[in-house]
Amino acid sequence: MAGSVERARHWQYAELPGVDLLRASYVEKIFVRHTHENFVIAAIADGVEVFHHGGADQYAGAGTLALVNPDTPHTGRAGVPEGWRYGAVYPSPELVAEIAAETTTLRGTPGFISPVLDDPYAAGLVHQVLRAAEEGYALAADTLLRVAVTRLLRLNGGPLPQRAVHTAGARVAARARAVLEERMAEPPTLERLAADLGVSPFALLRAFRDAYGMPPHTWLTDARVRRARHLLDDGFAPAAAAVAVGFTDQPHLNRHFTRIVGVPPGAYQRERKDVERERKNVQDGDGRPLLPSRAWQNRQHPQTYALKKAENPTALKKAENPTSSSSETPWESGSPSDCPASPSG
């Protein structure tokens, strides 16, 4: 991976509603502390990712999965000089709960227990989901996703603890969060917010960090990016979305959006528009056949966001057209139709 280009594609597949998809290769990329509304299931293909989660740094290398539950603060960065390459799926809590109810004995709200799982088989399933989505194989993509989630829940699943607001500090934090959500575009200062809630600024800071894993200003940036994503999904121009959520201008949104989502808002929205067109074509029943595997592989994907030019042209060529190697993953060599017989074997 040395000298390879930093690339990321963040998209959705119309036949997997509510599931975000990501394929990326990062070297210098640093994800600031943030959360996701959906689950994160990231399969590492090469290199090492380090992410702060649950009060400690977690290390995920090739063949392992980084697993993050919804609304759980975490970061992300390279753990080795050559960076890391991975594919990720982000299923909604509703979909994971549906799969858990049908295929496991878990009770309550299902989630993952350990943030890192060493399971090359499950990692391979994730890569196959992405490849099936890219090639337009709806049946394979949906099947493989459900098999992967079932396996992960059986190996590493458990009920998520319910966050109850009992202490005075937790109640203050919840009230502060509500104010920030309501006044996202024009938030008060920490001192003003604390005074309105009848506590000192440092008491509010401690209470908020204890409740949500980050200080109020970090949480606000994360919430702004999350709301901006919804506005972009609704068709807002990036500049309009930036102002609506409280960023000073589009470059301000671009900087924070890329640091959290992994791609700029413009690239994110272009992918969403492509998905909407695809979904509309499916609904209209235009009868166009799905692209065969080789035709799709030979197509250009202009929405793939290149973050950094490769210094070595040979490395760039290899990054764009990976060849067989000892670390080859199923999405590089296997067929998405090769569905495993058992989600637990």
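Along each chain, numbering runs from 1 in the same order as the chain's sequence is written. For a predicted model such as this one, the threshold for reporting local features is a pLDDT of at least 70, and the threshold for listing and counting side-chain atom pairs is 80 or more; totals across whole chains, interfaces and linings nevertheless cover every residue. As a convention, hydrogens and water are excluded, and side-chain values are obtained from all of the structure's heavy atoms.

**Considering the overall build of the chain**
Now for step 1: A count of helices and strands for the chain gives 13 helices and 12 strands.
Now for step 2: To sort residues, take the accessible area from a 1.4 Å probe on protein chains only and compare it with the maximum for the residue type: under 20% means buried, over 50% means exposed, and anything in between is partly exposed. Classification of the 345 residues of the chain by burial places 48% in the buried group.
Now for step 3: Residues are treated as being in contact if the distance between any of their heavy atoms lies within 4.5 Å. Within the chain, contacts between residues at least 6 apart in sequence are counted, and of these 75% link residues at least 24 apart.
Now for step 4: When the accessible surface of the chain is summed, it comes to about 16800 Å², and 53% of that surface belongs to carbon and sulfur atoms. Strands are runs of DSSP state E lasting at least two residues, helices are runs of H or I lasting at least four, and both sets are numbered from the N terminus onward. Here the accessible surface of atoms and residues is derived via Shrake-Rupley with a 1.4 Å probe, and residues count as covered only by protein chains that are part of the display.

**Points about the nonpolar core**
Now for step 1: Counting residues in each nonpolar core, the largest one holds 48 residues, and the members touching the most others are Tyr86 and Trp219.
Now for step 2: At 7 residues, helix 7 (residues 216-233) tops the list of elements feeding residues into this core.
Now for step 3: We call a set of buried Ala, Val, Leu, Ile, Met, Phe, Trp, Tyr and Cys residues a nonpolar core when their side-chain atoms join them within 4.5 Å. Formed by 34 residues, the second largest nonpolar core is a distinct cluster that contains Val19, Ile99, Ala123 and Leu145.

**What to know about the confidence of the model for the chain**
Low-pLDDT portions of the prediction should not be read for the details of their coordinates.
Now for step 1: Of the residues in the chain, 77% have a pLDDT of 70 or more, and the chain-wide mean is 84.
Now for step 2: pLDDT expresses how confident the predictor is about each individual residue, on a scale running from 0 to 100. Here residues 287-339 is a poorly scored stretch, pLDDT under 50, and it has 83 contacts once near neighbours within four places are set aside; other chains count.

**Looking at the packing of helix 1 (residues 93-103) against helix 3 (residues 138-156)**
Now for step 1: Helix axes are fitted to C-alpha atoms over the stretch in contact, other axes to C-alpha atoms as well, and angles between N-to-C directions run from 0 to 180 degrees. Helix 3 packs onto helix 1 with a crossing angle of 70° between their chain directions and a minimal axis gap of 10 Å. Classified by the angle their axes make, helix 1 and helix 3 are roughly perpendicular. Where helix 1 approaches helix 3, its residues Leu95, Val96, Glu98, Ile99, Ala100 and Thr103 are matched on the opposing element by Leu145, Arg146, Val149, Thr150, Leu153 and Arg154.
Now for step 2: Think of it as three bins: nonpolar holds Ala, Val, Leu, Ile, Met, Phe, Trp, Tyr, Cys and Pro, charged holds Asp, Glu, Lys and Arg, and polar takes everything else, Gly as well. Tallied by class, the residues present in the contact of helix 1 with helix 3 amount to 7 nonpolar, 2 polar and 3 charged. Note on angle classes: values under 35 degrees are labelled roughly parallel, values over 145 roughly antiparallel, values of 65 to 115 roughly perpendicular, and the remainder oblique.

**Overview of the environment of Asp196**
Now for step 1: When you line up the elements, Asp196 lands in helix 5 (residues 190-197).
Now for step 2: The exposure class of Asp196 is partly exposed, given its relative accessible area of 46%.
Now for step 3: Considering only alpha carbons, one finds Asp196 and Ala176, 20 residues apart in sequence, at a separation of 9.3 Å.

**Brief notes about the packing of aromatic side chains**
Now for step 1: Between the rings of Phe, Tyr and Trp (Trp by its six-membered ring), a pair exists once the centres lie within 6.5 Å; its type follows the angle of the planes, with under 30 degrees stacked, over 60 edge-to-face, and the other angles tilted. Scanning all chains against the criterion turns up 8 aromatic pairs.
Now for step 2: Seen in terms of ring centroids, Tyr26 and Trp84 are 5.4 Å apart; in terms of plane orientation they differ by 55°. Their pairing is tilted. Placement of Tyr26 in strand 2 (residues 20-26) and of Trp84 in strand 8 (residues 84-90) is noted, with a sequence separation of 58 residues between them. For the residue pair Tyr26 and Trp84, the accessibility class agrees, reading buried in each case.
Now for step 3: A ring pair is formed by Trp84 and Tyr86, whose centres lie 6.0 Å apart and whose planes are at 20°; its orientation type is stacked.

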